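Structural features, examined
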Amino acid sequence: MLNDTRLKYDAYTMQIGKLNNVADTGKSFTVAPAVAQTLRGKIQASSAFLTSINIIPVVAQEGDKVGVGVKGTIASRTDTRIHDRSPRYPGDLDETRYRCEKTDFDTLIRYETLDAWAHQPNFQPLIRDAIVKAKALDIITIGFNGVKVAVETDPKTYPLLQDVNIGWLQHIRMDAPARHMAGGELLEETRDENAVVIKAGAIYVGAGTVGTEVDYVNVDALIYDAIELLDENYRDDTDLVVIVGRDLVHDKYFSIVNAAGDKATETLARDVLLSDKKLGGLQAVRVPKFPKNALLITTLANLSVYEQIGTERRKIEDNAKRDQVENYESVNQAFVIEDMGKVALVENIVMGKKPA
């Protein structure tokens, strides 16, 4: 590390220590609540997709879901001369709960990279943003691909972080099988280490005779049918979208969503693609790391990431033996679907005819 870089790096670590009221950032410390809240906002703002969903701080590691949707009706009238008025809960009262699991987000930056950044006036934001963007993409990856919580993760075997935490799609498979379609029908499932093992099947979509050659003539027909998996109170909601895998709809139908603010610093990462045409009557959306042969019908506001308050830990280490700076962070997280009645997951979609 060059001397000028060293001065800027030391100023960076001193600022981190000052904000968190710690003298030595080389030792593990609890991130100050205000700093944790700011970082949470930075991570969310770094992704157009994360900005569209909820990142919610919670107190307890495990408990009932905190998001409140609107399901059913609450209007009524009671003859109070005979009965007490009985209020109704407007949201979903299903029995699924959340549990926040510890997740490590550890990154490194090589000395040569820091030296290349040292001449930039925004040296500290460059380091922060590199960490923030990596963390944001991992959160999305876990949300769509996580199937279990392993004691020790294996990124070589599970490159999509399948063993880091239980993601949104896995919660549907485990907790709401009636909202899940795979292989043309609900498949038999077995559980192993909190993971649902799906017996392989396929839903064939394309030109052909329905029933013998294909299951659906096009993606629109499949989506119209999948909407029926939703709770009847939500089937006509105008904010429903269909998140589709990249193998289902040609790229020419998608364009980058423009979600920039008035200032350059408010520009969001453009990682959400919107279709120029609706599919099955719904706005079609493409997001990073979503399975390529699946689709999910829901509202983006129905997806949440819970972070347990007070579990944010951090340590910054200058490892001269490796010519790199190492940033160790961890937080307890849970991936939550607020209302299981407002989801429909279809998997194992194959574009083409059934095998002869």
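Here the structure is a predicted model, which is why all the values come from computation and not from measurement.

Description of the overall build of the protein
Assigned secondary structure in the protein consists of seven helices and 20 strands. The 356 residues of the protein split such that 44% are buried. If you take every contact in the protein between residues at least 6 apart in sequence, the share linking residues at least 24 apart comes to 69%. Just so you have it, the protein exposes about 19000 Å², and 50% of that area is on carbon and sulfur atoms.

Side note on the pattern of salt bridges
Tallied over the full model, the rule gives 18 salt bridges. Where Arg235 meets Glu228, a salt bridge forms, and the shortest distance between an N and an O atom there is 3.3 Å. By relative accessible area, Glu228 is classed as partly exposed at 46%. With a shortest N-O distance of 3.8 Å, Arg246 and Asp247 are connected by a salt bridge. On the basis of relative accessibility, which here comes to 40%, the residue Asp247 falls in the partly exposed class. Via salt bridges that share partners, Arg6, Asp10 and Asp318 belong to a single interconnected network.

A word on the nonpolar core
Phe49, Phe144, Trp168 and Ile243 are the most contacted members of the largest nonpolar core, which has 36 residues in total. Those elements that place two or more of their residues in this core are α3 (48–52), α5 (123–145), α6 (168–175), β11 (241–244), β16 (303–308) and β18 (324–337). For this core, the leading source of residues is α5, giving six residues. Once residues within four sequence positions are removed from consideration, Ile243 is found in contact with Phe144, Val285, Val287, Phe290, Ala294, Leu295, Leu296 and Leu300.

A short note on the packing of aromatic side chains
Tallied over the entire structure, the rule returns seven aromatic pairs. Each ring, one from Tyr98 and one from Tyr306, has its centre 4.9 Å from the other, and the planes form 80°; the classification is edge-to-face. Within this pair, whereas Tyr98 is found in strand β4 (residues 97–99), its partner Tyr306 is found in strand β16, the two being separated by 208 residues in sequence. Exposure class is identical for Tyr98 and Tyr306. Each is buried. With 5.2 Å between their ring centres and 65° between their planes, Phe144 and Trp168 make a pair best called edge-to-face. In this pair, Phe144 is assigned in helix α5 and Trp168 in helix α6, connecting sequence segments 24 residues apart. Taking relative accessible area as the criterion, Trp168 reaches 0% and is therefore assigned buried. Pairwise contacts between aromatic rings join Phe49, Phe144, Trp168, Phe290 and Phe335 into one cluster. One Lys or Arg, Lys342, reaches over the ring of Tyr234 and ends 4.7 Å from the middle of that ring.

Focus: helix α7 (residues 219–226)
At 3.6 residues per turn, the α-helix brings residues three or four places apart onto the same side. Buried within α7 we find Val219, Leu222, Ile223 and Ala226. All buried residues of α7 lie within an arc of 95° about the axis, which places them on one face of the element. Its buried side turned inward, α7 meets β7 (180–182), β10 (203–205), β11, β15 (295–298), β19 (344–347) and β20 (349–351).

Digging into α6
Along α6, seven of the eight residues are buried, which leaves the element largely enclosed by surrounding structure. Listing the buried residues of α6 in full gives Trp168, Leu169, Gln170, His171, Ile172, Arg173 and Met174.

Describing unusual backbone geometry
With a phi angle near 70°, Lys289 is a residue other than glycine that sits in the positive phi range. Its identity as a non-glycine residue notwithstanding, Asp323 has a phi of 55°, on the positive side.

Some details on the packing of helix α1 (residues 3–20) against α5
The N-to-C vectors of α1 and α5 enclose an angle of 65°; their axes lie 9 Å apart at closest approach. With respect to each other, α1 and α5 are oriented roughly perpendicular. Where α1 crosses over α5, the two elements pack in a sense that is right-handed. For the pair α1 and α5, the contacting residues are Lys8, Tyr9, Ala11, Tyr12 and Gln15 in the first and Phe123, Gln124, Ile127 and Ile131 in the second. Partitioning the contact of α1 with α5 into residue classes produces six nonpolar, two polar and one charged.

So, the side chain of Arg179
Examined against the element boundaries, Arg179 turns out to sit in the loop between α6 and β7. The buried charged residue Arg179 lacks any salt bridge partner; its closest oppositely charged side chain belongs to Asp231, at an N-O distance of 4.3 Å. A polar contact is formed between the side chain of Arg179 and the backbone oxygen of Met340, at a distance of 3.4 Å. Discounting residues that sit within four places of it in the chain, Arg179 has contacts with Ile172, Leu229, Leu230, Asp231, Met340, Gly341, Val343, Ala344 and Leu345.

Observations concerning the confidence of the model for the protein
Overall, the prediction assigns the protein a mean pLDDT of 85, with 87% of residues at 70 or greater. Here residues 184–190 is a poorly scored stretch, pLDDT under 50, and it has 20 contacts once near neighbours within four places are set aside; other chains count. Across residues 259–268, where pLDDT falls below 50, the model places eight contacts with residues more than four positions away in sequence or in other chains.

Describing the environment of Gly167
Turning to its location among the elements, Gly167 is positioned in the loop between α5 and α6. Accessibility expressed as a relative area gives 0% for Gly167, which makes it buried. Put simply, Gly167 and Phe144 are 23 residues apart on the chain and 5.7 Å apart in space, counted from C-alpha to C-alpha. Setting aside chain neighbours within four positions, we find Gly167 in contact with Ile142, Gly143, Gly146 and Phe335.

Reading the values: the criteria
- Residues numbered from 1 in each chain as written.
- Predicted model: local features only at pLDDT ≥ 70, side-chain atom pairs only at ≥ 80, totals over all residues.
- Heavy atoms only, no water.
- Helix = DSSP H or I, 4+ residues; strand = E, 2+ residues; numbered from the N terminus.
- Buried < 20%, exposed > 50% of the residue type's maximum accessible area, 1.4 Å probe, protein only.
- Contact = heavy atoms within 4.5 Å.
- Areas by Shrake-Rupley, 256 points an atom, 1.4 Å probe, with all protein chains shown as cover.
- Salt bridge = Lys/Arg side-chain N within 4 Å of Asp/Glu carboxyl O.
- Core = buried A, V, L, I, M, F, W, Y, C linked by side-chain atoms within 4.5 Å.
- Phe/Tyr/Trp six-rings, centres within 6.5 Å; stacked < 30°, edge-to-face > 60°.
- Lys NZ or Arg CZ within 6 Å of the ring centre and 35° of its normal.
- Arc of directions from axis to C-beta.
- Axes fitted to C-alpha atoms, helices over the stretch in contact; angles between N-to-C directions.
- Parallel < 35°, antiparallel > 145°, perpendicular 65-115°, else oblique.
- Left-handed = near helix turned anticlockwise from the far one by under 90°.
- Nonpolar A, V, L, I, M, F, W, Y, C, P; charged D, E, K, R; others polar.
- Lys, Arg positive; Asp, Glu negative; His and termini not counted.
- Polar contact = N/O pair within 3.5 Å; in protein donor to acceptor, adjacent residues only side chain to side chain.
- pLDDT = per-residue confidence, 0-100.

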